[in-house]
Amino acid sequence: MPIHSRLRPEEKQGEILREYLNIVRSFRQYLDKRGLNQRSKDEDPERRLKEFHSSILTCRGCSLYRTRTHLVFGRGNSGAKIMLVGEAPGREEDLEGRPFVGAAGKLLAQELARAGLRNEDIYIANVLKCRPPGNRDPLPEEIEACLPYLKRQIGILHPRIICSLGKFATQVLLSTQQGITSLRGKPQLYEEDIIIIPTLHPAACIYNPSWGNLLLRDLELVKRKLSG
Ligand code: URA
């Protein structure tokens, strides 16, 4: 009996996704061997990220440049296979110029460690690079101006897994209006060969401590997918 017919629907979906990704990876390896893989020709993500960062430091693509202290580009290992994507910098991030250094970042670091993920395993960035005043929700014109920056970062890093933190990043990356509670923990495909695993935003887990376990569970799934 084919393996798919013995699985529950969500397991079946996971199995098909895995098979699909294996085919894409094999094809990439084939192209690599023949020197035909365009992507692997310019493999210096560290340099490319630095150059890209410098090129947008003085961005005035939306009105947030007026109130920012720093443009918060991203941090972490440019060779990481896991990319975490949050919403936008908060007060501390704006002051320091680095994402997730405030209370939400501390909770995230704690849960990453509990899931067995190390700092060198990840790269982390936000959808918006500048802080919305008072941490208000991002506006459509801000997202429109800033999303190409995130997409470029994803293109340079080419992670195997993106873990979207919270409703906002998840909806933007998956172009959906579905709520985070129904999306979290369910792997989806982003472009041709990147898996997105949506999870709860760590800031939301500060206010709902019982959600911390769900965040942990999703990060453990990220870790399993990486080694699977
Ligand atoms: N929340 C986010 O979404 N990003 C940060 O960098 C900090 C808090």
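A few points on the structure. (Residues numbered from 1 in each chain as written. Predicted model: local features only at pLDDT ≥ 70, side-chain atom pairs only at ≥ 80, totals over all residues. Heavy atoms only, no water.)

Some remarks on the site of the ligand
- Surveying the vicinity of the ligand reveals the residues Gly 86, Glu 87, Ala 88, Pro 89, Glu 93, Pro 99, Phe 100, Asn 126 and His 201.
- Between the ligand and Ala 88, the relevant distance is 3.0 Å, taken from a nitrogen atom to a main-chain nitrogen or oxygen of the residue.
- Contact with the protein chains removes 91% of the 240 Å² of surface that the ligand exposes when unbound.
- Partitioned by chemical class, the residues of the shell around the ligand number 4 nonpolar, 3 polar and 2 charged. (Near = heavy atom within 4 Å. Polar contact = N/O pair within 3.5 Å; in protein donor to acceptor, adjacent residues only side chain to side chain. Areas by Shrake-Rupley, 256 points an atom, 1.4 Å probe, with all protein chains shown as cover. Nonpolar A, V, L, I, M, F, W, Y, C, P; charged D, E, K, R; others polar.)

Considerations on the side chain of Gln 171
- Relative to the helices and strands, Gln 171 resides in helix 7 (residues 166-174).
- Residue Gln 171 is classed as buried on the basis of its relative accessible area, which comes to 15%.
- A distance of 2.8 Å separates a polar atom in the side chain of Gln 171 from the backbone oxygen of Gln 178. (Helix = DSSP H or I, 4+ residues; strand = E, 2+ residues; numbered from the N terminus. Buried < 20%, exposed > 50% of the residue type's maximum accessible area, 1.4 Å probe, protein only.)

Focus: the packing of aromatic side chains
- A full pass over the atoms with the stated rule returns 2 aromatic pairs.
- Centroid distance Phe 52 to Phe 73: 5.7 Å. Interplanar angle 70°. Geometry classified as edge-to-face. With Phe 52 in helix 3 (residues 45-56) and Phe 73 in the loop between helix 3 and strand 1 (75-76), this residue pair connects regions lying 21 residues apart in the sequence. Like Phe 52, the residue Phe 73 is buried in the burial classification.
- With a centroid separation of 5.9 Å and 70° between ring planes, the pair formed by Phe 52 and Tyr 149 is classed as edge-to-face. Of this pair, Phe 52 sits in helix 3 while Tyr 149 is found in helix 6 (residues 140-157), placing the two residues 97 residues apart along the sequence. Note on accessibility: Phe 52 and Tyr 149 belong to one class, buried. (Phe/Tyr/Trp six-rings, centres within 6.5 Å; stacked < 30°, edge-to-face > 60°.)

Side note on the sheet that holds strand 6 (residues 194-199)
- Read across the sheet, 6 strands follow the order 1-3-2-4-6-5 without closing on themselves; strand pairing throughout is mixed. In this open sheet, the two edge strands, each paired with only one partner strand, are strand 1 and strand 5 (188-190).
- Here strand 4 (residues 161-165) pairs with strand 6 via 5 bridges, running parallel. By the bridge assignment for strand 6, Leu 165 is matched with Thr 199. (Pairing = 2+ DSSP bridges.)

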